[in-house]
Amino acid sequence: MPTSVVAAVTAAAFSYANATAFTIAGYALTSGQTALLVGAGVFALNTAASMLGKQRPPTNDFLPSGMADRTLTVKAAASPRQVVYGETRVGGVIVFADTTGGNGILHLVVPFAGHEVNAFVDCYFNARLVTRDDSGVVPISNGFYTATTTKLLYHLGAAAQTYDTVLETAVGAKWGSSHRLRGVAYVYFALTNNTEYGGSPPSIAISVQGRLVYDPRTATTIWSNNAALCLSDYLTASFGLAAVYASEIDETALIAAANICDEMVALEAASTFTVVAATDVVTLATSSPGIRTGQQVVLTTTGTLPAGLALATTYFWIQTTATTGKLATTQANAFAGTQIDITDAGTGTHTLTRIYEDTVTVPTISQTVTANAGTDVVSLTTNEFDLRTADRIRFTTTGTLPAPLALATTYYWIRTATTNDAGKVATTAANALAGTAIDITDAGTGTHTMTRRDRLDRTTKNARLKTGDIVHIANTGGALPAGLVAATDYYVGDIRDQHPISRTDTAIGDTFKVATSLANARAGTWIDITDAGTGTQKIRRKKEPRYTCDGAFTLDADPETIITQLLSAMGGRAVQVGGKWFIYAAAYLASSLTLTQSDFRGPISVQTRVSMRENFNGVRGTYVEPYLNHQPTDFFSITSATYEAQDNAEQRLFDISLPFTASGSMASRLAKIELNRGRQQISMSAPCKLLALQVVPPDTVSITYSRYSWTAKTFELVGLSFAVDKGDNDAPYLGVDLALRETASTVYDWTANEA
């Protein structure tokens, strides 16, 4: 019987309908409700097995619709809702527009997600950061946006979301209590007429920490960019496949996939090297495409470094070939080709390590304050403290603090004022977020000072930090900030652009916090940094999560496309067996079944090579780079001289797109898996006895077969079907036909030197 290789998700029927819609001031926003009837491979005895994420032929279509334009805000009569997973920058759809003050102020309502989100992080007008305080006021007049009259009011889309009373006050009956937009994350913009807008509203984009997802490892629903959890959420969401989690998601497989996604992968690449002093050329011992012009490197040695070079010094690489280059003192010099003059080769064995490093400071932000015992309000002397609710604070005094506040104690701010100059104090971050303030019973004596030291600032972005990355913090010439320890893994989060960009402000840094675990970084549980330290502080980005999911899509896309794109973030597979979904992240699966010749019902069929049309020996493509305005960006291609030689020295590149990947090294890692999978070219059809029912795609099977000299050769199961054969006296009996493709643990091998 011919083998049935089951397709990804073969839809017996698919319909897209607008489940709900609202129209405000002539603009409509629709909620796309998708329905997918999965009819993929319904076999005898009603047993089904289907797999998403199969081998694809090479294609030049590597920039899918929506990947290039998702940061644009548009005006449309009707638009499908947008779904955001992880953290990314997106545009929205203007659903309300009005003017007041003689057309002096433009009021806009812009939904950015058709669901509740964790946070709006940063907002950009015409690609320029807009500084905003917790009340929504733009407090700094920076030459582009007018202070106090430009407002950005955030609504995160909770089910119990209330309407915006500030907008109601501004425009009257055009916006009222019936305009709550429950389940829609939106921003109300009040924009003062400004010639800097160029005669029209600015192009608006916003960085969003998107949908909350269920994590079975902690039995909590939290924000996470774990790729497996995001896919599970889509499969079970009402706007997705509406699968019932308890009965239609295999939790054991999901947990295993989530753990794989959260594994930390080293980023620093190292190679021993030699130097030719006459030419200043540094020759690496191994081909290292991961070290490229402008990247930071440090040097170590077992003897003495070549003259002109020093230990504990950051240099910048000038790449000349895959194994050679030169060194520069600055990044600018590296790009200009201005190398260091090296005058001898040194002694011993030298090692060059690519690093990602930034100098950081702990800003000590202090202001004198007063306390009102009647209202529990703490008032600041100015409104430029840029405090957010749940920020950590401490108090000092020349006399006695207001009761019951204590010295050397961390408290948490509750933002209450619209001018950023007053608030209340809580004992915990949770209390601050809930608005539960400390009861202050007197004003104290003397002069009180409030200090905030909970963030790290950097003025460069060499490290290209992302939420969940592991960093180490080191000090020279002093002491680390209290609360931090050298050579310790810290996890980055709450990354925010720090400076508005104007004609006179060229700073491009950002600010971030650190946590003791990946879970804490995603949950917003930060380390309490209690002083600024002394000397120079530097952070080095050491590791990143193996796979994350950071991107957005609209609900007019078909579910197969959405699932395939979500799977691309982890090189994964999604399998439906008997109505239950099994989710797998890209990782080698140990063999779960061994088959020998006695387990086959008949001869096997083997194909040793794929067609030239499907063959490739390199992978290139795009991902979304947060440090280039979240635009599609080429990752460094993965090629293989060995594979090219096998293909008669003809380079054949496979183009892929990774719209939910926000790291170049992660993209290269996924590309290498794609390449190695493609070079596992032996496929076979195996008519098996019912013993083979123990496995489902994508399980790994070991096969011993003397004709092909196979001893426990590993294959990945890509499809199965029942078969009915005839035995003695033409009596029918059941069998299982397997479709298999060779695999190996080396498919998933990775070193930091490769990206």
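Residues numbered from 1 in each chain as written. Predicted model: local features only at pLDDT ≥ 70, side-chain atom pairs only at ≥ 80, totals over all residues. Heavy atoms only, no water.

## A few points about the overall build of the chain
Part 1: Looking only at helices and strands, the chain features 10 helices and 48 strands.
Part 2: The proportion of buried residues among the 755 residues of the chain is 52%.
Part 3: When contacts within the chain are restricted to residue pairs at least 6 apart in sequence, long-range pairs at least 24 apart make up 71% of them.
Part 4: Summed over all atoms, the accessible surface of the chain reaches about 30,200 Å², with 53% contributed by carbon and sulfur. (Helix = DSSP H or I, 4+ residues; strand = E, 2+ residues; numbered from the N terminus. Buried < 20%, exposed > 50% of the residue type's maximum accessible area, 1.4 Å probe, protein only. Contact = heavy atoms within 4.5 Å. Areas by Shrake-Rupley, 256 points an atom, 1.4 Å probe, with all protein chains shown as cover.)

## Some points on the packing of helix α2 (residues 227-236) against helix α4 (residues 251-262)
Part 1: At a minimum axis distance of 7 Å, the contact between α2 and α4 shows a crossing angle of 140°. Accordingly, the angle class assigned to the pair α2 and α4 is oblique. Here Ala227, Ala228, Leu229 and Ser232 of α2 lie close against α4, whose contacting residues are Leu254, Ala257, Ala258 and Cys261.
Part 2: Broken down by class, the residue content of the contact of α2 with α4 amounts to 7 nonpolar, 1 polar and no charged. (Axes fitted to C-alpha atoms, helices over the stretch in contact; angles between N-to-C directions. Parallel < 35°, antiparallel > 145°, perpendicular 65-115°, else oblique. Nonpolar A, V, L, I, M, F, W, Y, C, P; charged D, E, K, R; others polar.)

## Points about the state of the cysteines
Note on terminology: a disulfide is the covalent bond linking the sulfur atoms of two cysteines.
Part 1: The final tally for this structure, using the stated rule, is 0 disulfides.
Part 2: Looking at Cys230, it has no disulfide partner, and the nearest cysteine sulfur is the one in Cys549, 4.2 Å off. (Disulfide = S-S within 2.5 Å.)

## Structural notes on the packing of aromatic side chains
Part 1: Summed over all chains, the structure comprises 17 aromatic pairs.
Part 2: A centroid spacing of 6.2 Å and a plane angle of 40° characterise the contact between Tyr85 and Phe553, whose relative ring orientation is tilted. Pair noted here: Tyr85 is in strand β5 (residues 82-85) and Phe553 is in strand β36 (residues 551-554), with a separation of 468 residues, a long-range link.
Part 3: With relative accessibility at 0%, the residue Tyr85 sits in the buried group.
Part 4: For the ring pair Phe600 and Tyr705, a centre distance of 5.8 Å and an interplane angle of 55° mean the geometry is tilted. Taken together, the residues span a long stretch of sequence, with Phe600 in the loop between β39 (593-595) and β40 (605-607) and Tyr705 in strand β46 (residues 700-705) at a distance of 105 residues. Both residues of the pair, Phe600 and Tyr705, count as buried. (Phe/Tyr/Trp six-rings, centres within 6.5 Å; stacked < 30°, edge-to-face > 60°.)

## Comments concerning the pattern of salt bridges
Part 1: Taken as a whole and assessed by the stated rule, the structure comprises 30 salt bridges.
Part 2: By sharing partners, the salt bridges in this structure join Asp391, Arg455, Asp494, Arg496 and Lys513 into a single network. (Salt bridge = Lys/Arg side-chain N within 4 Å of Asp/Glu carboxyl O.)

## What about the sheet that holds strand β47 (residues 710-726)?
Part 1: Taken in spatial order, the 6 strands of this open sheet run β39-β46-β47-β48-β45-β40, and their pairing is mixed. Since the sheet does not close on itself, it has two edges, and those belong to β39 and β40, each with one partner. Direction aside, the axes of adjacent strands within the sheet are offset by 35° on average.
Part 2: Taken together, the 3 bridges between β40 and strand β45 (residues 683-688) define a ladder with antiparallel strand orientation. Bridged to Gln607 within β45 is Ser683. (Pairing = 2+ DSSP bridges.)

## Observations concerning the pairing of strand β34 (residues 510-515)
Remark: a regular strand shows side chains that alternate across the two faces of the sheet.
Part 1: In terms of burial, β34 is a largely internal element, 6 of the 6 residues being buried.
Part 2: Burial along β34 is two-sided: the face carrying Asp510, Phe512 and Val514 and the face carrying Thr511, Lys513 and Ala515 are both buried.
Part 3: Looking at chain direction, strand β31 (residues 456-458) and β34 are connected through 3 bridges and run antiparallel. The residue of β34 that forms the bridge with Leu456 is Phe512.

## Considering the sheet that holds strand β26 (residues 377-380)
Part 1: The antiparallel closed barrel is built from 6 strands, whose spatial order is β25-β26-β29-β28-β27-β30. Looking at each pair of strands side by side, their axes are set apart by 45° on average, direction ignored.

## Examining the environment of Leu480
Part 1: Examined against the element boundaries, Leu480 turns out to sit in the loop between β32 (470-476) and β33 (490-497).
Part 2: Along the backbone, Leu480 and Asp531 are 51 residues apart, and their C-alpha atoms lie at a distance of 8.8 Å.

## A short note on α2
Part 1: The buried count for α2 comes to 9 of 10 residues, which makes it a mostly enclosed element.
Part 2: Ala227, Ala228, Leu229, Cys230, Leu231, Ser232, Asp233, Tyr234 and Leu235 are the residues of α2 that are buried.
Part 3: The N-cap of α2, judged by a side-chain oxygen 3.1 Å from the amide nitrogen of Ala228 a few residues on, is Asn226. (Polar contact = N/O pair within 3.5 Å; in protein donor to acceptor, adjacent residues only side chain to side chain.)

## As for the nonpolar core
Part 1: Among the nonpolar cores identified, the biggest contains 53 residues, and Tyr85, Leu231, Tyr547 and Met570 are the most heavily contacted of them.
Part 2: Elements supplying a minimum of two residues to this core: β5, α2, α4, α8 (559-568), β38 (580-584), β41 (618-625), β44 (653-658) and α10 (664-679).
Part 3: The element contributing the most residues to this core is α2, with 7 residues.
Part 4: In this structure Tyr547 touches Asn225, Ala227, Ile260, Cys261, Ala569, Met570, Ala585, Ala586, Met666, Leu670 and Ile673, once residues within four positions along its chain are discounted.
Part 5: Of all hydrophobic cores here, the second largest spans 22 residues; its members include Phe112, Val117, Cys123 and Ile204. (Core = buried A, V, L, I, M, F, W, Y, C linked by side-chain atoms within 4.5 Å.)

## Here's the deal with the side chain of Thr410
Part 1: Here Thr410 is to be found in the loop between β27 (392-397) and β28 (411-415).
Part 2: In this structure the side chain of Thr410 is engaged in a polar contact, spanning 3.1 Å, whose partner is the side chain of Arg394.
Part 3: A distance of 2.4 Å separates a polar atom in the side chain of Thr410 from a polar atom in the side chain of Asp528.
Part 4: Apart from the residues lying within four places of it in its own chain, the contact partners of Thr410 are Arg392, Ile393, Arg394, Thr427 and Asp528.

## Points about the pairing of β27
Part 1: When β27 meets β28, the two strands line up antiparallel, connected through 2 bridges. Within the sheet, the bridge partner assigned to Ile393 lies in β28 and is Tyr411.
Part 2: As paired elements, β27 and strand β30 (residues 448-452) share 4 bridges and run antiparallel to each other. Across the sheet, the residue bridging to Arg394 is Thr451, located in β30.

## Structural notes on unusual backbone geometry
Part 1: With omega at 5°, the peptide bond leading from Ala403 into Pro404 counts as cis.
Part 2: By secondary structure assignment, the location of Pro404 is in the loop between β27 and β28.

## Points about the confidence of the model for the chain
Part 1: When pLDDT is averaged across the chain, the result is 84; 84% of the residues are at 70 or more.
Part 2: When the criterion is pLDDT under 50, residues 1-66 qualifies, and its contacts beyond four places in sequence or with other chains add up to 202 contacts.
Part 3: Below pLDDT 50 for its whole length, residues 499-507 participates in 18 contacts with residues either more than four positions away or in separate chains. (pLDDT = per-residue confidence, 0-100.)

## Brief notes about a nonpolar patch on the surface
Part 1: Residues Leu690, Leu693, Val724 and Leu734 make up a contiguous nonpolar surface patch of roughly 320 Å² in combined accessible area.
Part 2: With respect to the secondary-structure elements, Leu734 resides in strand β48 (residues 732-742). (Patch = residues over 30% accessible without salt bridge, like charges linked within 9 Å, V, L, I, M, F, W, Y side chains within 5 Å.)

## Focus: α4
Structurally, the α-helix is built with 3.6 residues per turn, so residues lying three or four positions apart point the same way.
Part 1: The first and last C-alpha atoms of α4 sit 16 Å apart over 12 residues, in line with the 16 Å expected at 1.5 Å per residue.
Part 2: Among the residues of α4, those classed as buried are Ala253, Leu254, Ala257, Ala258, Ile260, Cys261 and Asp262.
Part 3: Taken together, the buried residues of α4 touch α2, α3 (245-248), β17 (264-266), α7 (518-523), β35 (536-545) and β38.
Part 4: The backbone nitrogen of Thr252 lies 3.4 Å from a side-chain oxygen of the residue at the head of α4, namely Asp250. (Expected span 1.5 Å × (residues − 1).)

## Here we look at the environment of Phe316
Part 1: Along the chain, Phe316 falls in strand β21 (residues 315-319).
Part 2: Residue Phe316 is classed as buried on the basis of its relative accessible area, which comes to 11%.
Part 3: When the C-alpha positions of Phe316 and Arg292 are compared, they lie 9.1 Å apart, and in sequence the two are 24 residues distant.

## Regarding the packing of α2 against α8
Packed helices, taken two at a time, are described by their axes: the angle between them and the distance between them.
Part 1: The geometry of α2 relative to α8 is characterised by a closest axis approach of 9 Å and an angle of 165° between their N-to-C directions. Overall, the two elements α2 and α8 adopt an arrangement that is roughly antiparallel. The interaxial crossing formed by α2 with α8 has left-handed handedness. Residue-level contacts link Leu231, Tyr234 and Leu235 of α2 to Pro559, Ile562, Ile563, Leu566 and Leu567 of α8.
Part 2: Class assignment for the residues of the contact of α2 with α8 results in 8 nonpolar, no polar and no charged. (Left-handed = near helix turned anticlockwise from the far one by under 90°.)

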